[in-house]
Amino acid sequence: MIYLTGDTHIPIDIQKLEDEYFPVQLSMSKDDYLIICGDFGGVWDRTKERDQILNTLANRNFTTLFIDGNHENFDILNKMPVSQWHGGKVHFIRDSIIHLMRGQVFEIDGLTFFTMGGGNSTDKAYRVPHRSWWKQEMPNDMEKSIGIENLKLHNNEVDYIITHTAPTDIAIQIRDIHGDELPLNEYLLQIKNTVKFKKWFFGHFHDNRIIDDDFILLYDKFYNLSTQEVELFPEPSKTKNVVEIG
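*Asks:* Summarise the pairing of strand 7 (residues 104-108); cite the residues concerned and give the values.
*Replies:* Counting buried positions over the five residues of strand 7 gives four, a clear majority of the element. The sheet contact formed by strand 7 and strand 8 (residues 111-116) spans five bridges and is antiparallel. Bridging from a neighbouring strand, E107 pairs with T112 of strand 8. The antiparallel pairing of strand 7 with strand 8 creates a hairpin that spans two residues between the two strands, and D109 there sits at a positive phi of about 55 degrees.

Next comes the structure, spelled out in C-alpha cells:
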C-alpha cells in the first residue's frame, strides 16, 4: 500500500498524519509507505520538540518516505551518511523515515519512482542563511545530470515521478513563476517531454489539484496509489486550505 501527500512543514502541518485525519494507517504496516512530496521539515534543527515528533512518526505503522523541498536544513541533511535502498540513494533519518535523494530511481512494490526534490523560497530575502534558508534548496548541475543519467538507465520510462515543484507549463497554471525557480521548472519540463510516466506528483503550492489529468498537486489530501484516487480524510483544523507558495 502506497499513499502520497503534500508538505508537512514539521511541526506546522504534521497533524494531518494523526490517526483521526489519516485513519487508513491503522491497517498499514512498515511494508506500506507514505510519500511526502517535499518540505518535510523534520530535518531543520536538533531541538527536543522536533526529535520527539520524528520519534512519534517513526513509531507509526507505516514507513515514511520524503523528498526534500525548499524548507529543509541542508547543512544537516547533506552531511548524513548515504545509503542504498530499493535501487537509489537515501538518507535514513530513522529506520522508517527515509529521505529519497535527488535524481534517483527507486523500485518499490514493483513500481519505479523518479525523485527530484528542491525548489525556491520566495521569501528568502527575509530569511537567515544557514538558519532558516539554504542555497542548496535548488538542485545543482550535478544532481540534475545524475537524474538524467539514471532515467536513461531506465530507458526514460518510470511509473511515477515525484518532485516538489512542477514543470514550467504546469507551474504557470497555478501561479506566476518566480524567476529564481525557473531553471528547475525548465529542467522538469525537459523530463516531462522526454520521459514516459503514468502520473507526476508534487507539492510546494499548498493546494490540491489534478492538472492535465496526469499531474497531481497535493497538500492536505492523500493519493491512494492502489485505487488511483485522491482521498480527503477528516480535515485537520490547523491545516491551511489556500494556495500559498512555500
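*Asks:* How would you summarise the nonpolar core if you had to cite specific residues and measurements?
*Replies:* In terms of nonpolar packing, the biggest core is built from 26 residues, with Y3, F22, L34, F40, F66, I93 and I97 touching the most fellow members. Those elements that place two or more of their residues in this core are strand 2 (33-37), helix 1 (48-58) and helix 2 (74-77). Apart from residues lying up to four places away in sequence, I93 is in contact with V43, L54, F66, L77 and M80. One finds I161, A166, I170 and F215 within the second-largest nonpolar core, a separate group that totals 24 residues.

*Asks:* Please set out the sheet that holds strand 11 (residues 209-211) residue by residue, giving values where relevant.
*Replies:* Taking strand neighbours across the sheet as the criterion, the six strands line up as 7-8-9-10-12-11 in an open arrangement whose pairing is mixed. Across the chains shown, the open sheet's two edge strands, defined by having one partner strand only, are strand 7 and strand 11. Strand-to-strand, the axes of this sheet are offset by a mean angle of 25 degrees, without reference to chain direction.

*Asks:* Break down the packing of aromatic side chains for me, with residues and values.
*Replies:* This model, assessed by the stated rule, comprises 14 aromatic pairs. Each ring, one from Y33 and one from W85, has its centre 5.9 Å from the other, and the planes form 75 degrees; the classification is edge-to-face. With Y33 in strand 2 and W85 in strand 4 (residues 83-85), the pair connects residues that are 52 residues apart, well separated along the chain. When sorted by exposure, Y33 lands in the same class as W85, which is buried. Between F197 and F215, the aromatic rings sit 5.8 Å apart at their centres with planes inclined by 75 degrees, giving edge-to-face as the arrangement. Residue F197 is found in the loop between helix 5 (182-194) and strand 10 (199-202), and its partner F215 is found in strand 12 (residues 215-217); the two are separated by 18 residues along the sequence.

*Asks:* Just give me the short version of helix 3 (residues 141-153), but keep the residues and values in it.
*Replies:* End to end, helix 3 covers 18 Å across 13 residues, agreeing with the expected 18 Å (1.5 Å per residue, within 8%). Taken together, the buried residues of helix 3 touch strand 7, strand 8 and helix 5. Sitting at the amino-terminal end of helix 3 is N140, which places a side-chain oxygen 3.1 Å from the backbone nitrogen of M142.

*Asks:* Describe the sheet that holds strand 1 (residues 2-5), with residues and values.
*Replies:* The mixed open sheet is built from eight strands, whose spatial order is 4-5-6-3-2-1-13-14. Each edge of the open sheet is held by one strand with a lone partner, namely strand 4 and strand 14 (229-231). For this sheet, the mean inter-axis angle between neighbouring strands, taken without regard to orientation, is 35 degrees. The pairing of strand 4 with strand 5 (residues 88-94) spans three bridges and is antiparallel. In the strand pairing of strand 5, S83 is matched with V90. Across the sheet, helix 1 is in contact with strand 3 (63-67), strand 5 and strand 6 (97-100); its angle to strand 5 comes to roughly 110 degrees.

*Asks:* Give a description of the layout of surface pockets that names residues and reports values.
*Replies:* Approximately 320 Å³ is the volume attributed to the largest pocket. For the largest pocket, the lining is made up of 17 residues, of which N78, M101, R102, N140 and E143 are closest to its centre. At the level of elements, helix 2, strand 5 and helix 3 are the ones that each hand at least two residues to the lining of the largest pocket. It is helix 3 that contributes the most residues to the lining of the largest pocket, four residues altogether. Classifying every residue of the lining of the largest pocket by side-chain character gives six nonpolar, seven polar and four charged.

*Asks:* Can you lay out unusual backbone geometry for me, pointing to particular residues and giving the numbers?
*Replies:* The bulk of non-glycine residues show a negative phi, and the bulk of peptide bonds are trans. The step from I10 to P11 runs through a cis peptide bond, and the omega angle for that step is 10 degrees. For P11, the location among the structural elements is in the loop between strand 1 and strand 2. In the Ramachandran plot, H9 falls in the positive-phi region, its phi being about 40 degrees despite a non-glycine side chain. Tracing the chain through its elements places H9 in the loop between strand 1 and strand 2. One non-glycine residue, D109, lies in the positive phi region at around 55 degrees. Turning to its location among the elements, D109 is positioned in the loop between strand 7 and strand 8.

Cut-offs used in this document
- Residues numbered from 1 in each chain as written.
- Predicted model: local features only at pLDDT ≥ 70, side-chain atom pairs only at ≥ 80, totals over all residues.
- Heavy atoms only, no water.
- Buried < 20%, exposed > 50% of the residue type's maximum accessible area, 1.4 Å probe, protein only.
- Helix = DSSP H or I, 4+ residues; strand = E, 2+ residues; numbered from the N terminus.
- Pairing = 2+ DSSP bridges.
- Core = buried A, V, L, I, M, F, W, Y, C linked by side-chain atoms within 4.5 Å.
- Contact = heavy atoms within 4.5 Å.
- Axes fitted to C-alpha atoms, helices over the stretch in contact; angles between N-to-C directions.
- Phe/Tyr/Trp six-rings, centres within 6.5 Å; stacked < 30°, edge-to-face > 60°.
- Expected span 1.5 Å × (residues − 1).
- Polar contact = N/O pair within 3.5 Å; in protein donor to acceptor, adjacent residues only side chain to side chain.
- 1 Å grid on protein atoms, 1.4 Å probe; cavity = no way out; pocket = protein on both sides within 12 Å on 5 of 7 lines; lining within 4 Å.
- Points joined across faces, edges and corners; volume = space filled by probe spheres on them.
- Nonpolar A, V, L, I, M, F, W, Y, C, P; charged D, E, K, R; others polar.

All we've got here are geometric facts, nothing functional implied.
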